[in-house]
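Report on the structure
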Amino acid sequence: MKSLTIEQLVATLTWSLVSGSAVYFGIQRFGFDHWRLHLSMLLMGFILLAFLRVTSHKPLSNAGRYALLAVHLVSAFGLYWLLPFNHLAIFVVLWSAVVPYFLPWHWCVRLSPLVAAPCG
C-alpha cells in the first residue's frame, strides 16, 4: 500500500472535518434515518474516492481523469443542494485546488468563477 502525499493527507483531513461536521449537523437537523443524510454520505464518499484516484500516481487516461473531476464537482454541488450548510462549499475549493494540475491555467481562471457561483 502506497502512503499518501502531504497534499493528499491534508485534503483527506479537510474532507474528514467537513464531512464529519456535516453529518453531525445533518443528524441534529434531520435525524439519522433521513434520506438526505444517507445520500449525502454517499456523495461524500464519491468526493473522497474521486480525489484520491485523480491525485494518485497510477496511470489514468485524460478521459478518466476528467470524469473523476466531474464526479467530484457534481457530488459537491449535490451536497450543497441536499444539506443547508454553507461550509460544504469547501468541497468545491478542493476541486478548484486540483484542477490546475490537469487543465491549462487560462481555463482554470475562467472556470473558477463559474464553478464558485452556485455556492455564493
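Now for a description of the structure that goes with this document. Chains are numbered independently. Their residues run from 1 in the order of the written sequence. Confidence filtering applies because this is a predicted model: local features only for residues at pLDDT of at least 70, side-chain atom pairs given and counted only at 80 or more, and all residues used for totals across whole chains, interfaces and linings. Each side-chain value is derived from all of the structure's non-hydrogen atoms; neither hydrogens nor water enter the calculation.

What about the overall build of the chain?
Under the DSSP-based scheme used, a helix requires at least four consecutive residues in state H or I and a strand at least two consecutive residues in state E, with every element numbered from the N terminus. Tallying secondary structure elements over the chain gives 5 helices and 0 strands in all. Walking the chain from its N terminus toward its C terminus, one meets helices and strands in the order α-α-α-α-α. Between the two quantities, the radius of gyration covers C-alpha atoms and the globule rule is 2.2 Å times the number of residues to the power 0.38. Its C-alpha atoms give the chain a radius of gyration of 15 Å, near enough to 14 Å, the size a compact globule of 120 residues would have. Dimensions of the chain, computed from C-alpha atoms along their principal axes, come out at roughly 40 × 35 × 25 Å. Looking at the 120 residues of the chain, the share that counts as buried comes to 36%. What makes two residues a contact is simply this: any of their non-hydrogen atoms within 4.5 Å. Within the chain, residue pairs in contact and separated by at least 24 positions form 64% of the contacts whose partners lie at least 6 positions apart. As displayed, the chain has an accessible area near 7300 Å², and 71% of this comes from carbon and sulfur atoms. Exposed residues in this analysis have more than 50% of their type's maximum accessible area, buried residues have under 20%, and partly exposed residues fall in between, with area computed by a 1.4 Å probe over protein chains only. Residue burial considers only the protein chains on display, and all accessible areas are found by Shrake-Rupley using a 1.4 Å probe.

Looking at the environment of Leu-82
With respect to the secondary-structure elements, Leu-82 resides in helix 3 (residues 62-82). Judged by relative accessible area, which is 2%, Leu-82 ranks as buried. Sequence spacing of Leu-82 and Leu-103 is 21 residues, and the spatial spacing of their C-alpha atoms is 29 Å. Setting aside chain neighbours within four positions, we find Leu-82 in contact with Phe-30, Trp-35, Arg-36, Leu-39, Ser-40 and Leu-43.

Observations concerning the side chain of Thr-12
Along the chain, the position of Thr-12 falls in helix 1 (residues 6-30). Excluding anything up to four places from it in sequence, Thr-12 contacts Leu-4, Leu-48 and Leu-52.

What about the environment of Trp-35?
When you line up the elements, Trp-35 lands in helix 2 (residues 35-54). With 47 residues separating them in the primary sequence, Trp-35 and Leu-82 have C-alpha atoms 9.7 Å apart.

Section: empty space enclosed by the protein
Here a cavity denotes grid points, spaced 1 Å and computed from the protein atoms alone, that fit a 1.4 Å probe unable to get out, and a pocket denotes an open set having protein on both sides within 12 Å along at least 5 of 7 lines; residues with an atom within 4 Å of a point are the lining. Grid points are joined across faces, edges and corners, and a volume is the space filled by probe spheres set on the points. As enumerated under the stated definition, the model contains 1 cavity of 30 Å³ or more in all. Of the voids in this model, the largest cavity is the one considered here, and its volume is about 40 Å³. Ala-11, Thr-12, Trp-15, Ile-47, Leu-48, Phe-51, His-72 and Leu-94 are the residues that line the largest cavity. Mapped by element, the contributors of at least two residues to the lining of the largest cavity are helix 1 and helix 2. Side-chain classes are defined by residue name, with Ala, Val, Leu, Ile, Met, Phe, Trp, Tyr, Cys and Pro counting as nonpolar, Asp, Glu, Lys and Arg as charged, and the others, Gly among them, as polar. Partitioned by chemical class, the residues of the lining of the largest cavity number 6 nonpolar, 2 polar and no charged.

Focus: the packing of aromatic side chains
When the centres of two rings from Phe, Tyr and Trp lie within 6.5 Å, Trp using its six-membered ring, the rings pair. Their planes under 30 degrees apart give stacked, over 60 give edge-to-face, and anything left gives tilted. Applying the stated rule across the entire model yields 2 aromatic pairs. For the ring pair Phe-25 and Phe-85, a centre distance of 6.0 Å and an interplane angle of 55 degrees mean the geometry is tilted. Of this pair, Phe-25 sits in helix 1 while Phe-85 sits in the loop between helix 3 and helix 4 (90-98); the two residues are 60 residues apart in sequence, bridging distant segments of the chain. According to the relative accessible area criterion, Phe-85 is buried, its value standing at 13%. Connected via pairs of aromatic rings, a cluster forms that spans Tyr-24, Phe-25 and Phe-85. For a ring to carry a charge above it, either NZ of a lysine or CZ of an arginine must fall within 6 Å of the ring centroid while also lying within 35 degrees of the normal to the ring plane. One residue, Arg-110, lies across the ring of Trp-107, its end atom 5.6 Å from the ring centre.

This is a description of form; function is not addressed.
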